[in-house]
Amino acid sequence: MGIQRTDHDVVVLGAGFGGLGMGAQLKRAGIENFAIFDKGPGLGGVWRDNSYPGAACDTEAHLYCYSFFSAPAGQPDVRGP
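We now examine helix α1 (residues 17-28). What sets the pattern is the α-helix's 3.6 residues per turn: residues three or four places apart point alike. An ideal rise of 1.5 Å per residue puts 16 Å on twelve residues; α1 measures up with 17 Å between its terminal C-alpha atoms. Turning to α1, its buried residues are G19, G21, G23 and L26. At its buried positions, α1 is contacted by β1 (10-13) and β2 (34-37). After α1 finishes, the residue G30 shows a positive phi value of roughly 85 degrees.

In this structure, β1 lies alongside β2, joined through four bridges in parallel fashion. Following the sheet pairing, V12 is matched in β2 by I36. You can see the chain leave β1, run along α1 and come back into β2, and the turn it takes is right-handed.

On average, residues of the protein chain carry a pLDDT of 81, and 73% of them reach 70 or more. For the protein chain, helix α2 (residues 46-49) is the element with the lowest average pLDDT, namely 80, and β1 is the one with the highest, namely 97.

In this fold, G40 is placed in the loop between β2 and α2. In this structure the C-alpha to C-alpha distance between G40 and G14, which are 26 residues apart in sequence, comes to 8.8 Å.

What follows concerns the pattern of salt bridges. Within this structure, the stated rule accounts for four salt bridges. A salt bridge links R5 to D7; the shortest N-O distance between them is 2.9 Å. Neither residue differs from the other here; R5 and D7 are each classed as exposed. Between R48 and D49 there is a salt bridge; the shortest N-O distance is 2.9 Å.

Conventions we followed
Residues numbered from 1 in each chain as written. Predicted model: local features only at pLDDT ≥ 70, side-chain atom pairs only at ≥ 80, totals over all residues. Heavy atoms only, no water. Helix = DSSP H or I, 4+ residues; strand = E, 2+ residues; numbered from the N terminus. Expected span 1.5 Å × (residues − 1). Buried < 20%, exposed > 50% of the residue type's maximum accessible area, 1.4 Å probe, protein only. Contact = heavy atoms within 4.5 Å. Pairing = 2+ DSSP bridges. Right-handed = clockwise from strand over helix to strand, strands pointing away. pLDDT = per-residue confidence, 0-100. Salt bridge = Lys/Arg side-chain N within 4 Å of Asp/Glu carboxyl O.

Right, dumping it as C-alpha cells:
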C-alpha cells in the first residue's frame, strides 16, 4: 500500500479555536484548497481534551467569540455533548 500525496494551498495545524477560525477566514477569502490537521481524534483542541466540572460563565465571553460569525437571530448556540 503506497502513500497517497495530496497538495493543499494552505495547511492549518490544530483544530482548536484558532485553527477553526483560520479555516473560516480562509473560506471567507475564497481559499478552498486547505486542510486542518490535529493530533487529537477530532475538533476542539483543549476544549475537547479537558473538562471543567462546575465551570460556568455568567457574562458574555468575547474572547471566545468570532467577530466575523454569529448565530442567526432566533438560532440557539451550538453546544457540544
